[in-house]
Amino acid sequence: MASTIQLADYLFLRLRQLGVGAIHGVPGDYNLTLLDHVEPSGLRWVGNANEFNAGYAADGYARIKGLGALVTTFGVGELSAINAIAGAYTERAAVVHIVGTPPRAAQDSRLLIHHTFNDGEYGRFAQMHAHVTVAQTRLRDPRMAPRQIDEVLRQCLLYSRPVYIEMPVDLVAALVPDETLRVPLIRHEVEELVAADDLIPGLDQVLDEILRRIETAKQPVILVDGEIRPMGIVGEVQQVVDMTGWPTWTSTFGKGLLNETISNFHGVYQGSYGSPAVHAFVQEADLVLFFGPHLSSTNTYAFSSIPPAEATISFTDTEVKMGAKTFRDVPARVITSLLVQRLGHSSTSSSSLPTTTTTTMWKRYDPYPDLPRDYSLSLTDGFVDDTATSHLTQDKLWRVLANFLCPGDIVLGETGTAGYGVREMPLPRHVRVFAPVTWLSIGYMLPGAQGAALAQRELAEESSSSSSSLESSAAARYSGLGGVDDAARTVLFIGDGSFQMTAQELATIIRLRLNVVIFLINNDGYTIERCIHGRRQGYNDVSPWRYLQAPSFFGAGQEEEEGGAYTCRASTWAELREILNDDRVADGRGLRMIELMVGREDAPQGLLRDLLEKQKARSES
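Everything quoted here is computed from the prediction, not taken from an experiment.

Colleague: Describe in detail the overall build of the chain, supporting the description with residues and values.
Modeller: When helices and strands are tallied, the chain shows 25 helices and 21 strands. Of all 621 residues assigned to the chain, the portion counted as buried reaches 58%. A separation threshold of at least 6 residues defines the contact pool for the chain, and within that pool the share at least 24 residues apart is 76%. Roughly 24,400 Å² of accessible area belongs to the chain as shown, and the carbon and sulfur atoms make up 51% of that amount.

Colleague: Explain the environment of Met 425 to me, using residue names and the numbers behind them.
Modeller: Locating Met 425 in the fold gives a position in the loop between α16 (417-421) and β17 (432-434). Sequence-wise, Met 425 and Gly 267 are 158 residues apart; in three dimensions their C-alpha atoms are separated by 8.6 Å. The residues contacting Met 425, other than those within four sequence positions of it, are Lys 255, Glu 260, Asp 374, Trp 398, Leu 401, Ala 402, Leu 405 and Phe 493.

Colleague: Describe the sheet that holds strand β18 (residues 490-495), naming the residues involved and giving the relevant values.
Modeller: The strand order across the open sheet built from six strands is β17-β16-β18-β19-β21-β20, with neighbouring strands paired in parallel fashion. Where the open sheet ends on each side, the last strands, each with one partner, are β17 and β20 (566-570). The average angle at which neighbouring strand axes cross in this sheet is 15°, direction not considered. Pairing between strand β16 (residues 410-413) and β17: three bridges, direction parallel. Opposite Leu 412, over in β17, you have Phe 434 as the bridge partner. In the packing of helix α15 (residues 394-401) onto the sheet, contacts are made with β18, β19 (516-522) and β21 (591-597), and the angle to β19 comes to roughly 175°.

Colleague: Describe in detail the pattern of salt bridges, supporting the description with residues and values.
Modeller: Per the counting criterion, the structure on display carries 24 salt bridges. Glu 121 is the salt-bridge partner of Arg 110, the closest N and O atoms lying 3.3 Å from each other. Placement of the pair is Arg 110 in the loop between α5 (104-108) and α6 (124-129) and Glu 121 in the loop between α5 and α6, with a sequence separation of 11 residues. For Arg 110, a relative accessible area of 42% gives the class partly exposed. In this structure, the salt-bridge partner of Asp 582 is Arg 584, at a minimum N-O distance of 2.6 Å. With relative accessibility at 17%, the residue Asp 582 sits in the buried group. Salt bridges sharing common partners tie together Asp 59, Arg 63 and Glu 91.

Colleague: An account of the sheet that holds strand β5 (residues 95-101) is needed here, citing residue identities and associated values.
Modeller: The strand order across the open sheet built from six strands is β3-β2-β4-β5-β7-β6, with neighbouring strands paired in parallel fashion. Of all the strands in the sheet, just β3 (44-45) and β6 (135-138) have a single pairing partner and so form its edges. Contacts from helix α3 (residues 51-65) reach β2 (22-25), β4 (68-73) and β5 within the one sheet, and its direction differs from that of β4 by about 165°. Sheet strands in contact with helix α7 (residues 145-159) are β5, β6 and β7 (163-168), and its direction is about 165° off that of β6.

Colleague: With reference to specific residues and values, describe the pairing of β18.
Modeller: When you tally the buried positions in β18, you get six out of six residues, the bulk of the element. Side chains Thr 490, Leu 492 and Ile 494 of β18 all project onto a buried face; the interleaved residues Val 491, Phe 493 and Gly 495 project onto the opposite face, where all are buried too. Relative to β18, β16 is paired through four bridges, and the arrangement is parallel. Along β18, the bridge assignment pairs Leu 412 with Leu 492.

Colleague: For a nonpolar patch on the surface, give the residues involved together with the corresponding values.
Modeller: On the surface, Leu 295, Phe 303 and Ile 306 cluster together into a nonpolar patch covering about 270 Å² of accessible area. With respect to the element layout, Phe 303 can be found in the loop between β12 (287-291) and β13 (312-315). Using a relative accessible area of 49% as the deciding quantity, one classes Phe 303 as partly exposed.

Colleague: Requested: an account of unusual backbone geometry, with residues and values cited.
Modeller: Geometrically, the link from Asp 366 to Pro 367 is a cis peptide bond, its omega value of 5° lying close to zero. Position of Pro 367 relative to the elements: it lies in the loop between α13 (332-348) and α14 (382-385). If you check the backbone angles, Ala 302 has positive phi at about 55° while not being a glycine. Inspection of the secondary structure assignment puts Ala 302 in the loop between β12 and β13. With a phi angle near 55°, Leu 440 is a residue other than glycine that sits in the positive phi range. For Leu 440, the position within the fold is in the loop between β17 and α17 (445-463).

Colleague: I'd like a rundown of the layout of surface pockets, residues and numbers included.
Modeller: Put simply, the second largest pocket is a space of about 520 Å³. Around the second largest pocket sit 27 residues that line it, and Gln 270, Ser 275, Asp 374, Arg 399 and Glu 424 are the ones nearest its centre. When contributions to the lining of the second largest pocket are tallied by element, the ones reaching two or more residues are β11 (265-268), α12 (276-283) and α15. A breakdown of the residues in the lining of the second largest pocket according to their chemical character gives 11 nonpolar, nine polar and seven charged.

Colleague: Please provide a residue-by-residue account of the packing of α15 against helix α23 (residues 573-580), values included.
Modeller: One way to put it is that α15 packs onto α23 with a least axis distance of 12 Å and a crossing angle of 15°. Here α15 is positioned roughly parallel relative to α23, judged by the angle of their axes. Between α15 and α23 lies a crossing whose hand is right-handed. Residues Lys 396, Leu 397, Val 400 and Leu 401 of α15 lie in contact with α23, whose contacting residues are Trp 573, Leu 576 and Leu 580. The class makeup of the residues in the contact of α15 with α23 is six nonpolar, no polar and one charged.

Colleague: How would you summarise the environment of Val 422 if you had to cite specific residues and measurements?
Modeller: As for its position among the elements, Val 422 is in the loop between α16 and β17. The class for Val 422 is buried, based on a relative accessible area of 2%. Sequence spacing of Val 422 and Leu 401 is 21 residues, and the spatial spacing of their C-alpha atoms is 9.2 Å. Residues within four places of Val 422 in sequence aside, it is in contact with Lys 255, Trp 398, Val 411, Gly 413, Val 433, Ala 435 and Phe 493.

Colleague: Give a description of the packing of α3 against helix α4 (residues 76-90) that names residues and reports values.
Modeller: As a packed pair, α3 and α4 sit with axes 7 Å apart at the nearest point and diverge in direction by 30°. You can see that α3 and α4 cross each other, and the crossing is right-handed. Contacts between α3 and α4 involve Glu 51, Phe 52, Gly 55, Tyr 56, Asp 59 and Arg 63 from the first element and Gly 77, Ser 80, Ala 81, Asn 83, Ala 84, Gly 87 and Ala 88 from the second. Broken down by class, the residue content of the contact of α3 with α4 amounts to five nonpolar, five polar and three charged.

Colleague: Any chance you could break down helix α11 (residues 234-244) for me, citing the residues and the numbers?
Modeller: Listing the buried residues of α11 in full gives Val 234, Glu 236, Val 237, Gln 238, Val 240, Val 241 and Thr 244. Within two residues after α11, Gly 245 carries a phi angle of roughly 70°, on the positive side.

Colleague: Residues and numbers for the side chain of Lys 65, please.
Modeller: Relative to the elements of secondary structure, Lys 65 occurs in helix α3. For Lys 65, a relative accessible area of 1% translates into the label buried.

What counts and what doesn't
Residues numbered from 1 in each chain as written. Predicted model: local features only at pLDDT ≥ 70, side-chain atom pairs only at ≥ 80, totals over all residues. Heavy atoms only, no water. Helix = DSSP H or I, 4+ residues; strand = E, 2+ residues; numbered from the N terminus. Buried < 20%, exposed > 50% of the residue type's maximum accessible area, 1.4 Å probe, protein only. Contact = heavy atoms within 4.5 Å. Areas by Shrake-Rupley, 256 points an atom, 1.4 Å probe, with all protein chains shown as cover. Pairing = 2+ DSSP bridges. Axes fitted to C-alpha atoms, helices over the stretch in contact; angles between N-to-C directions. Salt bridge = Lys/Arg side-chain N within 4 Å of Asp/Glu carboxyl O. Patch = residues over 30% accessible without salt bridge, like charges linked within 9 Å, V, L, I, M, F, W, Y side chains within 5 Å. 1 Å grid on protein atoms, 1.4 Å probe; cavity = no way out; pocket = protein on both sides within 12 Å on 5 of 7 lines; lining within 4 Å. Points joined across faces, edges and corners; volume = space filled by probe spheres on them. Nonpolar A, V, L, I, M, F, W, Y, C, P; charged D, E, K, R; others polar. Parallel < 35°, antiparallel > 145°, perpendicular 65-115°, else oblique. Left-handed = near helix turned anticlockwise from the far one by under 90°.

Written out as structure tokens, the structure reads:
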């Protein structure tokens, strides 16, 4: 007789196989029996303050572990989460949204029950989610349910976008065959794909053309965007950057994915809003290798950082574009892996690597061009010491705070001045950055920090254990964190207005005893909006909270107690120096919260400052 398992157990065990260690969400009357299966399946139930926050937290978790999951109830719960799911779709976080729905009999009878539109239509919420998920499934037949679950999860992993699963209450305990659980869901790693490259029509032609352009380029550069993470080519792109030695920039979305300590890395390319010398150098390049482009207006500085099409070779999931030519059905992991092999063959003259062309040599910059790089400012630097008793200003603040970062940290900069500030920070190796990219839903970063910090801790536990599965390791490669230990921190930079959006998730961080450092930028309202419009309008103000009392209110004990929180405030450079030199902040455990007082119209250099100055000029004219 075939072995069976309850359907809920099948789903949760499959998620566990894929590296998921925790389920975010909120209990509701159509998912309660489903939640009974979470912990027996070896998963942690997080339990968030609301579904909105749970979706954000699952997104942050997914960007570190490769896959995240949340459970909500039908109707009211899933619609509370849909904004977060839409953000995950936009910025490519692989989130599994599981919705507990009324029993099939109630749906078939069109009963007018709670959490519905009171019209007997049960499919409307799924229709809404179809616009913000890459795949959806409605479980109705136990015989088909395991295959439905597996297919949806494959698409979630393949496209690195959210998926949607409806689980009726009466199917939770239904018995289903368990034999497919013994078949890995991820089977095609890059080595297998490369070995079968002859199955990809025109691949040699594409590769030869890329190598020809590389060989003849006189002023080549590399641009790296954030979609290399969901595409799974971070390692290959780093190898190309290292091998060529060409000047390399990233986008906001891509920041933190590469090793920023190498000599040919020059920070975030800000187009016409950044250095004129950099902008001219990139625009005059005769070859731009552009990996993982994400061409939203915010990620491209109002489209000004998009390189000239005729000089650009762009690599997306399954396409390579060279000027007006598009080569379709070319998997990014295959073409970048083969490109690394060819470049390695060219530099080592090894005959063991496959090649269909002659040895390729490429441009070596000698002398290397004089191009600016990100830099930090030390608190002992005279530039800061001369103003030690003056108030903090964001023209220096972010380069000073860069000294606080350590290898393995996760850094989050909330939409607002913080999101622009973290772009200026030079990073140690293996530091991941979350910054505003496209969705820009204010309040994301606090629950996102909870999810990221939990994933970070799980990675540390897995790295010290030999029991982690092959599939878990494959999913974890998306983290980019390298060797993670239990001292790793999640460092959140967030404004006062953004903090008020999702402050409840501070309670989850405290309850789970996560290592999170929060720098709260108190500029008395929505300064980013003031920069855009309404410098002195009341709609950009927020209520003045006593922010440093929040940890106590949300359940943290005294600093010296287990599970306690450390809080402090800085208004001047001298106060900030004292805080950053305090071991309780840098090396402490649990929650540390530092309030930084800055001016209402203070903003980092660059786009925001330019917008503010233009607004001032208009008001004075």
